[in-house]
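Spelled out, the chains give:
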Amino acid sequence: MTKENWKLIQASKSVSVEIPEKLAQGKYRSWSIENATYPKFEKFFQIRQPRTVLECGTFEARTTVFFAKLLGRFKPGVLITVDSPLPLESEVPGKIIFKKSDPHFEKVREIKFKRLQWLKNHSEIQIIFFEGLIQDCLELILRSYSFDFVFEDASHVAQVLEKNWRLYNKYCQVGSVICFDDVVENPIWLRFNTRDWIFRFDPELNQLWAERLSA
Ligand SMILES: C[S@@+](CC[C@H](N)C(=O)[O-])C[C@H]1O[C@@H](n2cnc3c(N)ncnc32)[C@H](O)[C@@H]1O
């Protein structure tokens with residue numbers, strides 16, 4: 001992203017997206033659209049108008065709803081979102097440990113499916129939900145679609161992101177933008193080790209944004 005565009009997306013403080021009551025309610029955790037990340041996404045979508053978006057980490061489909069609304073402004077659009085079929089206990093490189101049971105997980109799943117179903121019936125964009133582990137389906141997804149924007153908000157383990165990064169670097173075209181949320185290791189981009197991308201870090205939101213400049 002150019003310095004100018006980067007400044008522009010930092011500058012916005014509010015959103016103009018309206019979330020229907022049906023989608024906002026039924027919260028397990030509070031959903032604040034005032035959160036600084038939403039105005040930033042809105043501004044980014046206005047400036048870059050992405051048509052294909054991948055979200056890693058659906059959770060309750062809050063960001064999914066937001067992206068779907070933004071994509072709906074400049075049709076056509078495709079939004080793919082991925083989340084685990086089972087509650088995750090912890091993740092270490094190469095190994096995921098699942099929780100035996102988690103009543104919260106079922107609640108989150110119920111909210112997620114309600115929102116996704118509503119979106120499917122009410123938006124003109126294509127919405128695809130993959131219930132699976134990112135590790136198992138990321139390469140297949142990246143081979144099948146060319147993404148303008150990726151929101152990486154599933155695993156925050158540095159070694160896992162490094163592995164995913166190799167796939168982004170292999171499959172994403174020039175102009176693709178990836179936002180890594182809640183970066184745990186700073187500067188993680190040193191692990192990514194490539195000159196084809198420009199990296200910008202937002203210390204307030206702890207987000208790393210990467211844009212492919214060359215192939
Ligand atoms: C931080 S939440 C996503 C929040 C959502 N993007 C939002 O802003 O509302 C992370 C989600 O990623 C999922 N997740 C974490 N690691 C994953 C993996 N390896 N494969 C699939 N899903 C994963 C978790 O189940 C959880 O729902």
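A brief report on the enclosed structure follows. Keep in mind that what you see is a predicted model, and the values were worked out from it rather than measured. (Residues numbered from 1 in each chain as written. Predicted model: local features only at pLDDT ≥ 70, side-chain atom pairs only at ≥ 80, totals over all residues.)

## Focus: unusual backbone geometry
How we decide: Think of it this way: any DSSP run of H or I at least four residues long counts as a helix, any run of E at least two long counts as a strand, and we number them from the N terminus. Remark: C-beta atoms are placed from the backbone, and a residue is labelled buried if 20 or more other C-beta atoms sit within 10 Å of its own, exposed if 12 or fewer do, or partly exposed between those counts.
Residue Pro76 is reached from Lys75 by a cis peptide bond, and omega for that bond is -5°. With respect to the helices and strands, the residue Pro76 is situated in the loop between α4 (62-71) and β2 (78-83). One non-glycine residue, Gln49, adopts positive backbone phi at about 45°. By the secondary structure assignment, Gln49 is in the loop between α3 (37-48) and β1 (52-56). Using a count of 14 C-beta atoms within 10 Å as the deciding quantity, one classes Gln49 as partly exposed.

## Brief notes about the packing of α4 against helix α5 (residues 103-122)
The criterion, for reference: What counts as an axis is a line fitted to C-alpha atoms, over the stretch in contact for a helix, and the angles between N-to-C directions run from 0 to 180 degrees. Throughout, the term roughly parallel applies to angles under 35 degrees, roughly antiparallel to angles over 145, roughly perpendicular to angles from 65 to 115, and oblique to all others. It is the C-beta atoms, placed from the backbone, that decide contacts: two residues are in contact if theirs lie within 7 Å. Note on residue classes: Ala, Val, Leu, Ile, Met, Phe, Trp, Tyr, Cys and Pro are nonpolar, Asp, Glu, Lys and Arg are charged, and everything else, Gly too, is polar.
Running from amino to carboxyl end, α4 crosses α5 at an angle of 10°, the nearest separation of the two axes being 10 Å. Judged by the inter-axis angle, α4 sits roughly parallel to α5. Residues Thr64, Val65 and Ala68 of α4 form the contact with α5, whose participating residues are Arg115, Leu116 and Leu119. Split into classes, the residues belonging to the contact of α4 with α5 amount to four nonpolar, one polar and one charged.

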